[in-house]
Amino acid sequence: MIKVIGVRFRTAGKIYFFDPLDFDIKRGEHVIVETARGIEYGTVVGDPKEIDEERVVSPLKPVLRVATKRDLEQEETNKQKEKEAYKICLEKIKKHNLEMKLIDAEYTFDNNKVLFYFTADGRIDFRELVKDLASVFKTRIELRQIGVRDETKILGGIGICGRTLCCHSHLSEFVPVSIKMAKEQNLSLNPTKISGVCGRLMCCLKHEEETYEYLNRKLPNVGDFVTADDGLKGVVHSVNVLRQLVKVIVEVEDEKEIHEYKVEQLRFKRRHKKDKNDNMSDEERRELKELEKLEKQEKQDTKSKLDDTV
């Protein structure tokens, strides 16, 4: 076991471990640490704790110091400089007529480097832009091309649920999301309804996946033949996953009726495999193809290009 503290360098960013040494460090405090990018200012996300050494990338770097008032002032100054750097870079991009969208500018704490994050369709030759920027800022310049998920993580926004986007508020790392998760939750396979602000499948599909998988295992599928505890037999018409209710088409006195039962009132053996591809219209199949493209793009964007600090 080894004693560590977790540190973040941006909102909802990846958590990195550092050696707290003998410093009295508490959650919410700020620390100065050395990273691959140079000296950085970070926020402690938890009290010191002991974890298995296997979870730590060796060698574990130590905390240089707990942030002082002067360090806080330096960080605030850097934030103001980043706004100015952003404006200057925008002007230079227009000057060089480059097809790129500037997303953010970021100074390292020690001002040893300025990073500019951008998105673009394909590769961009920005060598002349870098030279131009270096002549203005008199320091190292890095332009980093990021994906649309990283762009949304930086800029933030409000999701269709009315809450702050997961990736900007609490999701420190992107999770793989698939169409299967939407099917498992019986959601519409309309791309506009299950895609996030970034245009990829919504990260929140992952949140309830395990719950739906567990609940679905208890339920029959639509089309399965069931026997109810009242003696009636019939075919499953529809299911309510969260309420664990099943609507069954039964025959009563030569007439077909729909009765609703709790799942524990039924005996059944699964025969039909749940597949929302069955009986799809041409429009629905076209939408499914669009979703499959999104799923493929989503897999490519799972690795964030923001996480390389340590």
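Attention here is on the structure that accompanies the text.

Quick notes on the rules
Residues numbered from 1 in each chain as written. Predicted model: local features only at pLDDT ≥ 70, side-chain atom pairs only at ≥ 80, totals over all residues. Heavy atoms only, no water. Pairing = 2+ DSSP bridges. Helix = DSSP H or I, 4+ residues; strand = E, 2+ residues; numbered from the N terminus. Axes fitted to C-alpha atoms, helices over the stretch in contact; angles between N-to-C directions. Contact = heavy atoms within 4.5 Å. Core = buried A, V, L, I, M, F, W, Y, C linked by side-chain atoms within 4.5 Å. Buried < 20%, exposed > 50% of the residue type's maximum accessible area, 1.4 Å probe, protein only. Salt bridge = Lys/Arg side-chain N within 4 Å of Asp/Glu carboxyl O. Phe/Tyr/Trp six-rings, centres within 6.5 Å; stacked < 30°, edge-to-face > 60°. Lys NZ or Arg CZ within 6 Å of the ring centre and 35° of its normal. Arc of directions from axis to C-beta. Left-handed = near helix turned anticlockwise from the far one by under 90°. Nonpolar A, V, L, I, M, F, W, Y, C, P; charged D, E, K, R; others polar.

### A look at the sheet that holds strand β7 (residues 101-107)
Read from one edge to the other, the open sheet built from three strands follows the order β7-β8-β9, with strand pairing classed as mixed. The sheet terminates laterally at β7 and β9 (140-145), the two strands that pair on one side only. The mean angle between the axes of side-by-side strands here comes to 20 degrees, regardless of whether they run parallel or antiparallel. Here β7 pairs with strand β8 (residues 113-119) via six bridges, running antiparallel. The residue of β8 that forms the bridge with D104 is Y117. Relative to the sheet, helix α1 (residues 69-95) contacts β7 and β8, its axis offset from that of β7 by approximately 145 degrees. Strands β7 and β8 of the sheet are contacted by helix α3 (residues 148-155), whose axis makes an angle of about 60 degrees with β7.

### What about the nonpolar core?
Buried together is how nonpolar side chains tend to be arranged in soluble globular proteins. Ranked by size, the top nonpolar core spans 18 residues in total, and within it M100, F116, L133, F137 and L143 carry the most contacts. Listed by contribution, the elements that provide at least two residues to this core are α1, β7, β8, α2 (127-137) and β9. Every residue in contact with M100, bar those within four places of it in the chain, is listed here: I93, F118, T119, A120, I124, L129 and L143. The next biggest cluster of nonpolar side chains, apart from the first, holds 13 residues, and it includes L215, L219, V248 and V250.

### Notes on the pattern of salt bridges
Taken as a whole, this structure holds 16 salt bridges when the rule is applied. R65 is the partner of D71 in a salt bridge, and the nearest nitrogen-oxygen pair spans 2.8 Å. When the shortest N-O distance is used, the salt bridge between K79 and E82 registers 3.9 Å. In this pair, K79 and E82 are both assigned in helix α1, three residues apart and thus about one turn of the helix distant. Through salt bridges that share partners, R10, R37, E40 and E106 make up one connected network.

### Quick notes on the packing of aromatic side chains
Taken as a whole and assessed by the stated rule, the structure comprises five aromatic pairs. For the ring pair F9 and Y16, a centre distance of 5.9 Å and an interplane angle of 50 degrees mean the geometry is tilted. Under the relative-accessibility criterion, Y16 is labelled buried at 10%. These aromatic residues form a ring-pair network of at least three members: F9, Y16 and F18. One cation-aromatic arrangement involves K81 over Y107; the distance from NZ or CZ to the ring centre is 4.6 Å. Of note, K153 hangs over the ring of F174, and the distance from its end group to the ring centre comes to 5.8 Å.

### What about helix α7 (residues 209-218)?
For α7, the full list of buried residues reads E209, Y212, L215 and N216. In an axial view of α7, the angular spread of the buried residues amounts to 135 degrees, which keeps them on one side of the axis. Those residues of α7 that are exposed and angled more than 90 degrees off the buried face are E210 and R217. Lining the buried residues of α7 we find α5 (179-184).

### Examining the side chain of K92
Assignment of secondary structure puts K92 in helix α1. Setting aside residues no more than four positions away along its own chain, K92 makes contact with L129, D132, L133 and V136.

### Quick word on the packing of α1 against α2
Where α1 contacts α2, the axes come no closer than 10 Å and their chain directions differ by 145 degrees. Handedness of the crossing formed by α1 with α2: right-handed. In this structure, α1 uses A85, I88, C89, K92, I93 and K95 to contact α2, whose residues at the interface are L129, D132, L133, V136 and F137. Residues belonging to the contact of α1 with α2 are distributed by class as follows: eight nonpolar, no polar and three charged.

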